[in-house]
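Given next are the chains, with one letter for each unit.
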Amino acid sequence: MLSRSGHQSESASAALSRVPLDHRPLWAKAAIGANTFDFETATVLPTIYERTTAAALAHDAVNLGQGFPDREGPDWLLAAAAEAITDPQVGPPNQYAPGLGLPVLREAVAEDHRRRYDVTLDPAEQVMITTGATEGITAAILAFAEPGSEVLTFEPHYDSYGACTALAGAELKGVPLRAPDFRPDVDALEAAVTDRTSLILINTPHNPTGTVFSPEELRRVVDIARRHGLRIMCDEVYEHLVFDDAAHRHRTILSVPGAQEVAVAVGSAGKSFSLTGWKVGWITGSTELLNKVRGVKQFLSFSSGPAYQWAIAQGLRDDHGFFAANAAALAAGRDLLREGLREAGLRPNRAEAGYFVVADIAEVTELSGPQFCEVLTREVGVAAIPVAALTIQHRASTDDELQRLVRFAFCKEPRTIEEAMRRLRERLPAALG
Ligand SMILES: Cc1ncc(COP(=O)(O)O)c(C=O)c1O
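Just so we're clear, the structure is a prediction, and the values are computed from it rather than from any experiment.

### Considerations on unusual backbone geometry
The residue after Gly 91, namely Pro 92, is reached through a cis peptide bond having omega 20°. Residue placement: Pro 92 occurs in the loop between α4 (75-84) and α5 (103-117). That bond from Thr 204 to Pro 205 is cis: its omega, -10°, falls within 30 degrees of zero. With respect to the helices and strands, the residue Pro 205 is situated in the loop between β7 (197-203) and α9 (215-228). With a phi close to 60°, Asn 35 is a non-glycine residue in the positive phi region. By secondary structure assignment, the location of Asn 35 is in the loop between α2 (26-33) and β1 (37-38). For Asp 118, which is not a glycine, the phi torsion comes out positive at approximately 55°. Since its relative accessible area comes to 65%, Asp 118 is described here as exposed.

Right, here's the structure in full:
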């Protein structure tokens, strides 16, 4: 029953809100899992990233919310993709790519793993190209989260984990990462394992805290999975965005001895080359596990963009120094942002990798993170994302500490960050009254 505004009438939405979680339709389960379900109208909201961007536009705010870089990827890579569209070597370049991805890209991913991580993968069976990392994450969760089971992750977490776990008919449980260092508490992770647990989702380097898991932390997570018969999906999309002052270099989970029996890893060309719109990603792992993931993946998008895949293969073979230069530029953005946040009285974390700093707002306000972000966008002219939106909200378990955190993106031009920090300095005190 739809009202004139297009929303379900009150009675229909109230009825849907009363339906137990397990019996709701899949669209509603996915939305609840990703905190995009509006319980009042029983409709789906855009993601927190899209809502933040829309609010930034409406209030002419500097957008430090959504995590996309505001400089393009390298020119030579753009040129490679443009040429590939008319280059018969690619394939045919404008028809379906093979379901597992172009062989040239699978080989380049395998070579890259051998060179950087000393991990040997068979490109024919142990590398699968996906439509962005998002599709790899979805396929792995749907393949390995058993219906009725529990899935563990560290909170805050990337929002698609909640949606996909719900689609799999499983329940996501969070183990909080704690300020100020946000190191994973592996003992707490093990304590959260029950006889219903089927899967662990980890993300290293981590969005939004920038934590890079140490080899020992990874080894212990793998050990837990092996002892309890669990699978692991390790989201490594920020693998190339680790800063020189990080406590640990990134290593793929597949480099941990014994990991390949239980774990798959996900990568993203979009994040690695600042080309998020290309949506090229990959999933790597043993023949046996990837075959199971394929069962789902080939009925999601089947395949995508051969010209982009071709270009990314060239980039992985020789990045022309882009990864190091990009990490250095991001680290400079991080420093600028942290300094500005500190001047405004917020307490930013160290952020060793990725696109984001998380800042504790407790010293300047009693507002919650979501309330603070509203004031920040409307009255200060800076948009950011409340970390609470990246936690498991429907179970009302959001940790108090996580409620006070706000995520700011630094994958922006210095002048953008400087302008945001100027507004913060000049307008925040008055806005908070
Ligand atoms: C942790 C994490 N995983 C996955 C993704 C999605 O990657 P892709 O754009 O390659 O689908 C993102 C994007 O923000 C992310 O932050």
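### Points about the packing of aromatic side chains
One pass over the full model with this rule turns up 14 aromatic pairs. Relative to Phe 39, the ring of Phe 37 lies with its centre 4.8 Å away and its plane at 80°, an arrangement referred to as edge-to-face. Assessed through its relative accessible area of 7%, Phe 37 is described here as buried. With a centroid separation of 5.5 Å and 75° between ring planes, the pair formed by Tyr 238 and Tyr 355 is classed as edge-to-face. Separated by 117 residues along the polypeptide, Tyr 238 in the loop between β8 (231-235) and β9 (263-268) and Tyr 355 in the loop between β11 (347-348) and β12 (356-360) bring together distant segments of the chain. We note that Tyr 238, like Tyr 355, is buried. Counting every residue linked through ring pairs, the aromatic cluster contains Trp 27, Phe 37 and Phe 39. Sitting over the face of the ring of Phe 356, Arg 407 holds its NZ or CZ atom 3.5 Å from the ring centroid. Sitting over the ring of Phe 68, Lys 412 keeps its end group 3.8 Å from the ring centre.

Parameters and conventions
Residues numbered from 1 in each chain as written. Predicted model: local features only at pLDDT ≥ 70, side-chain atom pairs only at ≥ 80, totals over all residues. Heavy atoms only, no water. Helix = DSSP H or I, 4+ residues; strand = E, 2+ residues; numbered from the N terminus. Buried < 20%, exposed > 50% of the residue type's maximum accessible area, 1.4 Å probe, protein only. Phe/Tyr/Trp six-rings, centres within 6.5 Å; stacked < 30°, edge-to-face > 60°. Lys NZ or Arg CZ within 6 Å of the ring centre and 35° of its normal.

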